[in-house]
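Chain by chain, the residues:
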Amino acid sequence: MREARPDHDVAIVGGGPAGAVAAAEIAETGLRTAVLTPDEDRWVGTYGVWADEAHAHLEPGDLEAWWPQTLVRPAGRTRVLRRGYARIDGDVLRGRLRKRAADAGATLHEGLVSAADHRHDGTVLALDDGREAAARVVVDATGHHPVLVQRQPAPDAPAQAAYGLRAAWSRPPYTPGSAMIMDFSADHLEPHERAADATFCYALDFGDGTWLVEETSLARRPALDQATLEDRLRRRLAHLGTEAVEPPAVERVLIPMGLPVPDTRQRVIGFGGAASLVHPATGYQLGHALRRAPRLASALAGALGDPRTDPVTAAHAGWAAVWSRTALRRRALEAFGLTALQRLDAHETRAFFDAFFALPDHTWQGYLDSTLPPVRLTAAMLRLFTVAPTPVRAKLLGTMLGRPASLLARGLLWGQRR
């Protein structure tokens, strides 16, 4: 490879939602920004965010639909949550973020990055077609299986899975106009099935005559298979007395959960799934990326604004913006919660979420958003322990006395920064 001549301040590898929002924020700081992404295809996934996150970080036109409140049915009764929900129009958001980046001077390079050669003044990226791109700092936003970011192997990491159908239905599966984000009811299952592998229905009325109905399994090892989820969804819909009146669009979801945070001393900064920003208990990631992208951009602008700043120092500043010590301690608590949740059987899982959504709104919202300070998050987890039914408390206590507790203590003490 040729001697590095950084043509760019920052090169972002990956053009998905995390990469696109990072590119727009970074380019708008005035840094010379390049985006390297395989092609111009539309985003494959579909994305939901809480409405307050959407209003804070997105434009109204970015949303395909939104609902002023949400419903959950953890254990027999329906709770109305005073928090709105939104579904993102991926094509619109993708186009707007790319335009923001381009208008700020970012350049787009189509192609797959195959290697990175780190030099004293930057990094040269090799594309699979033989081209090269050089930048002072590189951000990897290529998802759960990053191209450049190094992360500890986690072959047995739990995963959340879902199988969904979007179509017009012979009758609304739930209250028209509603967003049911978690229906654990299991009357359509045989008694032995109700006790194993709790799954819930996620159902959204888009207001255009169509609903998305999705059977979802929480994180487990291995992930619940798609055939089981499809079977449960079809039986649920039959129990609800509805059927598709047109060929439905199928949605399949598999989200790795609780992947280890990458070593934050490495030269390539991770972002989005590549940085393990997925919430260990919920699978949500886009809201975290929307909140942290401005911090990353500000940190890189501050570091790279001085031409004397070396790439290693700039990368460390970027990593600290993505994973501050507070965020790492919070992550340790969330990972502990994921471990505890995996130990519950189906009945205990339903009881757990019934107790969880009975907590004060700011508490459960802050937990799902990863915005509670570690001290308040600890207090919330202890409060949940005290109000949970006895069988649930027994399982949680077992987690507190086992190896996960030692890992939690280490994470809280050192903030996991390596």
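Check the entry above for the structure.
Residues numbered from 1 in each chain as written. Predicted model: local features only at pLDDT ≥ 70, side-chain atom pairs only at ≥ 80, totals over all residues. Heavy atoms only, no water.

## Let's talk about the packing of aromatic side chains
Spelled out, the test is: Side-chain rings of Phe, Tyr and Trp, where Trp is taken by its six-membered ring, are said to pair if the distance between their centres is within 6.5 Å; with planes under 30 degrees apart they count as stacked, over 60 as edge-to-face, and otherwise as tilted. Only DSSP runs of H or I reaching four residues or more are called helices, and only runs of E reaching two or more are called strands; each is numbered from the N terminus. Buried, partly exposed and exposed residues are distinguished by accessible area as a fraction of the type maximum, computed with a 1.4 Å probe on protein chains only: under 20%, between the cut-offs, and over 50%, respectively. For a lysine, the NZ atom is tested; for an arginine, the CZ atom; a charge sits over a ring if that atom is within 6 Å of the ring centre and within 35 degrees of the ring normal.
Summed over the entire model, instances satisfying the criterion amount to 15 aromatic pairs. Pairing Trp67 with Phe206 gives two aromatic rings, centres 5.8 Å apart and planes at 70°, and the pair type is edge-to-face. Remark: Phe206 occurs in the loop between strand E14 (199-205) and strand E15 (211-220) and Trp67 occurs in strand E4 (residues 63-67); sequence separation between them is 139 residues. What makes Phe206 buried here is its relative accessible area of 10%. For the pair Phe352 and Phe356, a centre-to-centre distance of 6.4 Å together with 15° between the ring planes defines the contact as stacked. One end of the pair is Phe352 and the other is Phe356, both in helix H9 (residues 346-356) and 4 residues apart, which spans about a single turn. When the ring centre of Phe206 is taken as reference, the NZ or CZ atom of Arg166 above it lies at 3.6 Å. Residue placement shows Arg292 over the ring face of Trp323; its charged tip is 4.7 Å from the ring centre.

## Looking at the pattern of salt bridges
This is how it is decided: Here, a salt bridge means any Lys or Arg side-chain nitrogen found within 4 Å of an Asp or Glu carboxyl oxygen.
Counted according to the given criterion, the structure contains 26 salt bridges. Asp197 is paired through a salt bridge with Arg220; the nearest N and O atoms lie 3.2 Å apart. Placement of the pair is Asp197 in the loop between helix H4 (191-194) and E14 and Arg220 in strand E15, with a sequence separation of 23 residues. Residue classification places Asp197 among the partly exposed positions, given a relative accessible area of 32%. Owing to a relative accessible area of 23%, Arg220 belongs among the partly exposed residues under this scheme. In this structure, the salt-bridge partner of Arg308 is Asp306, at a minimum N-O distance of 3.1 Å. Owing to a relative accessible area of 73%, Arg308 belongs among the exposed residues under this scheme. Linked through salt bridges whose partners overlap, the residues forming this network are Arg73, Asp183, Glu215 and Arg236.

## Observations regarding the nonpolar core
For the record, the criterion: Residue types Ala, Val, Leu, Ile, Met, Phe, Trp, Tyr and Cys, when buried and joined through side-chain atoms within 4.5 Å, form a set referred to as a nonpolar core.
Among the nonpolar cores identified, the biggest contains 47 residues, and Ile26, Ile269, Phe271, Leu300 and Trp323 are the most heavily contacted of them. Secondary-structure elements contributing two or more residues to this core are strand E1 (8-13), helix H1 (17-27), strand E7 (85-88), helix H3 (90-103), strand E11 (132-140), helix H6 (286-304), helix H7 (311-322) and helix H8 (325-342). The element that contributes the greatest number of residues to this core is H6, accounting for 9 residues. With 41 residues, the next largest nonpolar core counts Ala340, Phe352, Phe357 and Leu384 among its residues.

## A word on the sheet that holds strand E3 (residues 48-50)
Pairing between sheet strands relies on hydrogen bonds along the backbone, with the strands arranged either parallel or antiparallel. Applied cut-off: Any two strands with at least two DSSP bridges between them are considered paired. Throughout, an axis means a line fitted to C-alpha atoms (over the contacting stretch in the case of helices), and angles, computed between N-to-C directions, take values from 0 to 180 degrees.
Read across the sheet, 3 strands follow the order E3-E7-E4 without closing on themselves; strand pairing throughout is antiparallel. Of all the strands in the sheet, just E3 and E4 have a single pairing partner and so form its edges. Along the sheet, successive strands turn relative to each other by an average axial angle of 20°, direction set aside. By the bridge criterion, 3 bridges tie E3 to E7 in an arrangement that is antiparallel. Following the sheet pairing, Val49 is matched in E7 by Ala86.

## Points about the sheet that holds E15
How we decide: In this description, contact between two residues means that some pair of their heavy atoms is separated by no more than 4.5 Å.
Pairing is mixed in the open sheet, where 7 strands are placed in the order E6-E5-E13-E14-E15-E12-E16. Both edges of this open sheet fall to strand E6 (79-81) and strand E16 (249-256), since each of them pairs with a single strand only. Within the sheet, the average angular offset between the axes of one strand and its neighbour, ignoring direction, is 20°. Here strand E12 (residues 159-167) runs beside E16; their pairing, made up of 8 bridges, is antiparallel. The residue of E16 that forms the bridge with Arg166 is Ala249. Sheet strands touched by helix H5 (residues 226-239): E12, strand E13 (179-183), E14, E15 and E16. Its angle to E12, the strand with the most contacts, is close to 45°.

## Section: helix H10 (residues 361-369)
Summarising burial for H10: 7 of the 9 residues are buried, a large majority. Turning to H10, its buried residues number three or more, namely Thr363, Trp364, Gln365, Gly366, Tyr367, Leu368 and Asp369. Of the residues trailing H10, Ser370 is marked for its positive phi of about 60°.

## As for H3
Along an α-helix, a turn takes 3.6 residues, which lines up residues three or four apart on a common side. Going by this rule: In this scheme, a helix's expected span is set at 1.5 Å multiplied by one less than its residue total. To be clear, the arc concerns the directions from the helix axis to the C-beta atoms. Contacts described as polar in this section are N or O atom pairs within 3.5 Å, which, within protein, must combine one atom able to donate a hydrogen with one able to accept it, while residues neighboring in sequence count only if both atoms come from side chains.
Compared with the 20 Å implied by 1.5 Å per residue over 14 residues, the 20 Å span of H3 between its first and last C-alpha is a close match. Listed in full, the buried residues belonging to H3 are Gly90, Leu93, Arg94, Leu97, Arg100 and Ala101. Viewed along the axis of H3, the buried residues span an arc of 130°, placing them on a single side of the element. Every exposed residue of H3 that faces more than 90 degrees away from the buried side is listed here: Lys99 and Asp103. You can read the cap of H3 off the contacts: a side-chain oxygen lies 3.2 Å from the backbone nitrogen of Asp91, and it is on Asp89.

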